[in-house]
Amino acid sequence: GRETADVTFAAGFKLWRGAELWIDPEIGQGFGLSNTEGVAGFPSGAAFKIGASVPYPRIQRTFIRQTIDLGGETQKVDADFNQFAGSQTADRLVVTIGKFSISDVFDTNKYAQNPRKDFMNWSLIDAGTFDYAADAWGYTYGASAEWYQGNWTLRGGLFDLSIIPNSTELDPTFQQFQWIGEIERRYDSWGHPGKIAVTGFLSRGRMGSFEDAIALAAITGGPADIAAVRQYRSRGGVSMNLEQEITSDLGVFMRAGWADGDIEPYDYTDIDRTVAAGLSLKGKQWGRPDDTVGLAGIVNGISSVHEAFLNDGGLGILVGDGMLPHPGLEQIIETYYSYAISSSTKVTFDYQFIANPAYDRDRGPVNVFAGRFYAAF
């Protein structure tokens, strides 16, 4: 068993019309299961790639957001984390610059997004192939722009990669970077809202080729070493994100993604192909309207050359068993029940079943049980 804990404080300031400055100090502590290794679709989004037995402080977000109204229907904006109450027009331009998480803006889904409130698995809260730029805590420096026009939104951004893949430090020169683009379409289906979004990324940095690492291992007789063959190159990927309300209490979602399987993943996890789908149901029918039950399934995969690299003793961000003679798709089921003590205080019971962890049919399956306490004010 392992535990994690974090306390986050959001301090916001209104600078001028439509402009907000937010600073999020955070105190973190704890470790993920097996030091956050051993499965590509890791079971806890609240566990970072580093751990600490004693609490430590960090400033995770420091950003300015500028919203420029462009017309259309006036919409009410409720107060939320990193968001002041107010209003905005349906057509608008939103620019964010500073340090924040790319998943704050891109690949969002109201049913599967926040490991502190809903699903916990890494390949449910984001598309597993969405190798977004980040330090080991999931944050980076950069800028994004969002143009809302009618039922459409276009998003784009430029962000800083870590100094080496999966590092705690971001590249101070910004010579290693990532472009992200997204197009979103919102619609109503039989009177219920839904949306579909397509997200693409292109990373430019010092990354290793699996084929080069395998060739070097054949010469040296040692295990495949991706760090030894890194050079400046590109890696891209694309994903799809769907959410659909079925009733006022029931919603469904799906994500699917592909990323270049010839080049090592940089900052997220070891997934080249993914499909995930699930549902979220409020407890109104049994007299608990603030409760939520969720159920989802995931299938993660890697390319054949990625499998060969792992079989030659290569190590990825989270996976690597020394050998992989019998590779298989990583298959995960997650279900949770969130019990509301109050509207802002909840206790969650979570279960995950993982078949072929780290794409290895010679180990597993794994059963993961979790409890979560969340409070906000």
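Residues numbered from 1 in each chain as written. Predicted model: local features only at pLDDT ≥ 70, side-chain atom pairs only at ≥ 80, totals over all residues. Heavy atoms only, no water.

> Please explain the overall build of the protein chain as it appears in this structure.
Assigned secondary structure in the protein chain consists of 3 helices and 16 strands. Relative to its length of 377 residues, the protein chain is compact, with a C-alpha radius of gyration of 21 Å against a globular reference of 21 Å. By principal-axis analysis of the C-alpha atoms, the protein chain measures approximately 65 × 50 × 45 Å. Buried residues in the protein chain amount to 49% of all 377 residues. Taking contacts inside the protein chain between residues at least 6 apart in sequence as the whole, the part at least 24 apart equals 65%. As displayed, the protein chain offers around 17,000 Å² of accessible surface, 60% of which is attributable to carbon and sulfur atoms. Between the centroid of the 31 positive side chains of the protein chain and the centroid of its 46 negative side chains there is a distance of 5 Å. (Helix = DSSP H or I, 4+ residues; strand = E, 2+ residues; numbered from the N terminus. Rg over C-alpha atoms; globule rule 2.2 N^0.38 Å. Buried < 20%, exposed > 50% of the residue type's maximum accessible area, 1.4 Å probe, protein only. Contact = heavy atoms within 4.5 Å. Areas by Shrake-Rupley, 256 points an atom, 1.4 Å probe, with all protein chains shown as cover. Lys, Arg positive; Asp, Glu negative; His and termini not counted. Charge placed at Lys NZ, Arg CZ, Asp CG, Glu CD.)

> Looking at this model, I keep getting lost on the packing of helix H2 (residues 210–220) against helix H3 (residues 304–311). Mind explaining?
The relative placement of two packed helices is expressed as an angle between their axes plus a distance between the axes. For the pair H2 and H3, interaxial distance at closest approach is 9 Å and the crossing angle is 35 degrees. Considering how the two elements wind past one another, H2 and H3 form a crossing that is left-handed. Across from Phe210, Glu211, Ala213 and Ile214 in H2, the residues of H3 making contact are Val305, His306, Ala308 and Phe309. For the contact of H2 with H3, the residue count by class is 6 nonpolar, 1 polar and 1 charged. (Axes fitted to C-alpha atoms, helices over the stretch in contact; angles between N-to-C directions. Left-handed = near helix turned anticlockwise from the far one by under 90°. Nonpolar A, V, L, I, M, F, W, Y, C, P; charged D, E, K, R; others polar.)

> When you look at the environment of Asp249 in this model, what are you seeing that I'm missing?
Mapped onto the fold, Asp249 is located in the loop between strand E10 (230–245) and strand E11 (250–259). Remark: the alpha-carbon pair of Asp249 and Lys282, spanning 33 residues in sequence, is separated by 4.9 Å. Apart from residues no more than four positions distant in its own chain, Asp249 is found in contact with Ser280, Leu281, Lys282 and Lys284.

> When you look at the side chain of Glu264 in this model, what are you seeing that I'm missing?
For Glu264, the position within the fold is in the loop between E11 and strand E12 (273–283). Here Gly208 takes part through its backbone nitrogen, which lies 2.8 Å from a polar atom of the side chain of Glu264. Of note is the side chain of Glu264, whose polar atom sits 2.7 Å from the side chain of Arg230. Non-local contacts of Glu264, meaning those with residues more than four positions away in its chain, are made with Pro165, Met207, Gly208, Phe210, Ile226, Arg230 and Arg235. (Polar contact = N/O pair within 3.5 Å; in protein donor to acceptor, adjacent residues only side chain to side chain.)

> Which parts of the structure should I look at to understand the pairing of strand E9 (residues 192–208)?
In summary, the side chains of a regular strand alternate between the two faces of the sheet. Here strand E8 (residues 177–189) runs beside E9; their pairing, made up of 13 bridges, is antiparallel. Directly across from Phe177, in E9, lies its bridge partner Arg204. Where E8 hands over to E9, the hairpin turn is made up of 2 residues, of which Trp190 adopts a positive phi near 55 degrees. (Pairing = 2+ DSSP bridges.)

> Honestly, the pattern of salt bridges in this entry has me stumped. Any pointers?
According to the stated counting rule, one finds 18 salt bridges in the structure shown. Between Lys195 and Glu184 there is a salt bridge; the shortest N-O distance is 3.4 Å. Of this pair, Lys195 sits in strand E9 while Glu184 is found in strand E8, placing the two residues 11 residues apart along the sequence. Taken together, the shared-partner salt bridges connect Glu146, Arg155, Glu182, Glu184, Arg186 and Lys195 into one network. (Salt bridge = Lys/Arg side-chain N within 4 Å of Asp/Glu carboxyl O.)

> What is the right way to look at a nonpolar patch on the surface in this model?
Residues Ile68, Leu70, Trp147, Trp152, Leu154, Ile183, Val198, Val238 and Trp258 make up a contiguous nonpolar surface patch of about 820 Å² in total accessible area. Residue assignment for the nonpolar patch shows that the elements contributing at least two residues are strand E4 (52–77) and strand E7 (152–160). (Patch = residues over 30% accessible without salt bridge, like charges linked within 9 Å, V, L, I, M, F, W, Y side chains within 5 Å.)

> How should the pairing of E7 be read in this particular structure?
Examined bridge by bridge, strand E6 (residues 140–149) and E7 share 8 bridges and lie antiparallel to one another. Each residue of the ladder has a partner; that of Ser144, found in E7, is Gly157. Linking E6 back to E7 in an antiparallel pair, the connection comprises 2 residues, with Gly150 at a positive phi of about 60 degrees. Relative to E8, E7 is paired through 9 bridges, and the arrangement is antiparallel. Residue pairing for E8: Phe159 is matched across the bridge by Gln178.

> Help me out: how do you make sense of the nonpolar core in this one?
If you look at soluble globular proteins, the nonpolar side chains tend to sit buried side by side. Counting 55 residues, the largest nonpolar core has Ile102 and Phe130 as its most contacted members. Elements with a contribution of two residues or more to this core: helix H1 (122–125), E9, H2, E11, strand E13 (288–301), H3 and strand E14 (330–342). Setting aside chain neighbours within four positions, we find Phe130 in contact with Ile102, Phe106, Asp107, Ile180, Thr199, Phe201 and Tyr268. Counting residues in each nonpolar core, the second largest holds 6 residues, with Ala52, Tyr56, Ala136 and Trp137 among its members. (Core = buried A, V, L, I, M, F, W, Y, C linked by side-chain atoms within 4.5 Å.)

> Explain the environment of Gly181 here, please?
By the secondary structure assignment, Gly181 is in strand E8. Gly181 sits in the partly exposed class, given a relative accessible area of 31%. For the pair Gly181 and Phe106, spaced 75 residues apart in sequence, the C-alpha separation works out to 8.5 Å. Discounting chain neighbours no more than four positions away, the residues touching Gly181 are Arg155, Gly156, Val198, Thr199 and Gly200.

> Explain unusual backbone geometry to me, please; I cannot follow it from the model alone.
Leaving glycine out, the prevailing phi sign among residues is negative, and the prevailing peptide bond configuration is trans. Of note, the amide linkage connecting Gly364 to Pro365 takes the cis form, showing an omega dihedral of 0 degrees. When you line up the elements, Pro365 lands in the loop between strand E15 (345–355) and strand E16 (366–375). Look at Phe174: it is not a glycine, yet its phi comes out positive at around 60 degrees. Within the secondary structure, Phe174 sits in the loop between E7 and E8. Given a relative accessible area of 33%, Phe174 falls into the partly exposed group.

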